[in-house]
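# Observations on chain architecture
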Amino acid sequence: MHRKLRKEVREIEKLIADSGRNAAPSPAQLADHAAVLVRAGDVYRSADRLQDAAACLTEALDAYRRLDDLPGEMRTLSGMTFVLRAQDRFAEAADCCRRSLLIATDLGWEKIRDTLQWRIAAMEAADRAGIDVPDELVKAALHGEPGEDWVYEIDSSRVQGDHAPPEAIIRAWQVGPDRLLTGVVIPNANYRPRRKR
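Residues numbered from 1 in each chain as written. Predicted model: local features only at pLDDT ≥ 70, side-chain atom pairs only at ≥ 80, totals over all residues. Heavy atoms only, no water.

## Here's the deal with the overall build of the protein
Going by this rule: Only DSSP runs of H or I reaching four residues or more are called helices, and only runs of E reaching two or more are called strands; each is numbered from the N terminus. Under the scheme applied here, a residue whose accessible area is under 20% of the maximum for its type counts as buried, over 50% as exposed, and between as partly exposed, the area being computed with a 1.4 Å probe on protein chains only. Contact between two residues is taken to exist if any of their heavy atoms lie within 4.5 Å; hydrogens are not considered. Each accessible area is a Shrake-Rupley result for a 1.4 Å probe, and residues are judged covered by the shown protein chains and nothing else. Positive charges come from Lys and Arg, negative ones from Asp and Glu, while His and the chain ends are left out of the count. Where a charge lies is defined by one atom per residue type, namely NZ (Lys), CZ (Arg), CG (Asp) and CD (Glu).
Of the regular secondary structure elements, the protein holds seven helices and three strands. Going from N to C terminus, the protein has its helices and strands arranged as α-α-α-α-α-α-α-β-β-β. Overall, the protein is about 60 × 45 × 25 Å in size when its C-alpha atoms are taken along their principal axes. Considering the protein as a whole, with its 197 residues, one finds that 38% of them fall into the buried category. Expressed as a percentage of contacts within the protein between residues at least 6 apart in sequence, the contacts between residues at least 24 apart total 50%. In the structure as shown, the protein presents an accessible area of about 11,800 Å², 50% of it carried by carbon and sulfur atoms. Distance between charge centroids for the protein: 8 Å, based on 30 positive and 32 negative side chains.

## Notes on the packing of aromatic side chains
Aromatic ring pairs are defined here through the distance separating the ring centres and the angle between the ring planes. Test applied: Classification of ring pairs rests on two measures: the distance between centres of Phe, Tyr or Trp rings, Trp counted by its six-membered ring, which must be within 6.5 Å, and the angle between planes, read as stacked under 30 degrees, edge-to-face over 60 and tilted in between. Put simply, a charge is over a ring when the Lys NZ or the Arg CZ is close to the ring centre, within 6 Å, and near the line of the ring normal, within 35 degrees.
Tallying each qualifying case throughout the model produces zero aromatic pairs. Seen from the ring of W118, R119 lies directly overhead, with NZ or CZ sitting 5.9 Å from the centre.

## Notes on the pairing of strand 2 (residues 169-175)
Defined as follows: At least two bridges found by DSSP between two strands are what make those strands a pair.
Pairing of strand 1 (residues 150-154) with strand 2, which is carried by five bridges, proceeds in the antiparallel orientation. Note on strand 2: the bridge partner recorded for V151 is W173. Of the strand pairs in this sheet, strand 2 and strand 3 (residues 181-187) are connected by four bridges, and their pairing is antiparallel. Looking at the pairing, W173 lines up with V185 of strand 3. Counted along the chain from strand 2 to the antiparallel partner strand 3, the turn is five residues long, and its residue R179 has a positive phi close to 70°.

## Description of the nonpolar core
As a reminder, the rule being used: In this description, a nonpolar core means a group of buried Ala, Val, Leu, Ile, Met, Phe, Trp, Tyr and Cys residues linked to one another through side-chain atoms lying within 4.5 Å.
With 51 residues, the main nonpolar core has I16, Y44, V133, V138, V151 and L181 as its most contacted residues. Counting residues per element, the ones that place at least two in this core are helix 1 (3-19), helix 2 (27-46), helix 3 (50-67), helix 4 (70-86), helix 5 (90-107), helix 6 (110-129), helix 7 (135-142) and strand 2. The leading source of residues in this core is helix 3, at nine residues. In this structure I16 touches H33, V36, L37, A40, Y44 and C56, once residues within four positions along its chain are discounted.

## Some remarks on helix 5
Using the following cut-off: A helix is expected to span 1.5 Å for every residue after the first.
For helix 5, built from 18 residues, the straight-helix expectation of 26 Å at 1.5 Å per residue is met to within 8% by its first-to-last C-alpha distance of 26 Å. Looking at helix 5, one finds that the buried residues are F90, A93, A94, C96, C97, S100, L101, I103 and A104. On its buried side, helix 5 packs onto helix 4 and helix 6. Of the residues one or two after helix 5, G108 is the one with positive phi, at around 75°.

## Observations concerning the pattern of salt bridges
Applied cut-off: Should a side-chain nitrogen of Lys or Arg be within 4 Å of a carboxyl oxygen of Asp or Glu, the pair is scored as a salt bridge.
Under the definition given, this model contains 15 salt bridges. Among the charged side chains, a salt-bridge network with shared partners connects E13, R49 and D52.

## Remarks on the sheet that holds strand 3
The pairing of strands in a sheet happens through backbone hydrogen bonds and is either parallel or antiparallel. Let me state the cut-off plainly: Where helices are involved, their axes are fitted lines through C-alpha atoms of the stretch in contact, as for all axes, and angles between N-to-C directions lie from 0 to 180°.
The strand order across the open sheet built from three strands is 1-2-3, with neighbouring strands paired in antiparallel fashion. Across the chains shown, the open sheet's two edge strands, defined by having one partner strand only, are strand 1 and strand 3. Geometrically, the sheet is characterised by an average inter-axis angle of 25° between neighbouring strands, direction not taken into account. Sitting on the sheet, helix 6 touches strand 2 and strand 3, and the angle it makes with strand 3 is about 50°. Taken strand by strand, helix 7 contacts strand 1, strand 2 and strand 3, and its axis lies near 155° from that of strand 1.

Don't take any of this as a statement about function, it's just geometry.
Structure below.
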């Protein structure tokens, strides 16, 4: 862990201890503590301490629910989605996105609905395939032309100019008639990762 990240972890742990001191916090104190926990979730995720991140976010989610703070709940669910995704728990990550989508609908936040819908599609496809799917492939599938049955995961380090040679294709993901990834993935036997020097 880098020195800067270690310092951030120490600082956030002190903030958690300071903000969680009150046995019977006021709503404002509870909201402040929840905000610290969400920040801690981000710091712990950056430090690859995913269990600690999940614990902080779970506690923050409970606090925001007690406060009936829907935007806070939605921010926390977003952080939890990234933690679950990093743990390859794709079905649970999709569930967090669905809960966020319900909140966005309740709040009338139309702009975020599309993003949440494609994130749900990405996590469902990753769950079916058993591997994470790059976000850009989900977007490519959603915005592709009818009749395009596949999108391709490309190793950008192997691309020269606008040309992607066959050995740069990592795998192909099938696109269903609904423009969503089906979870069917075909690895490219000819893919050759660039050798590290």
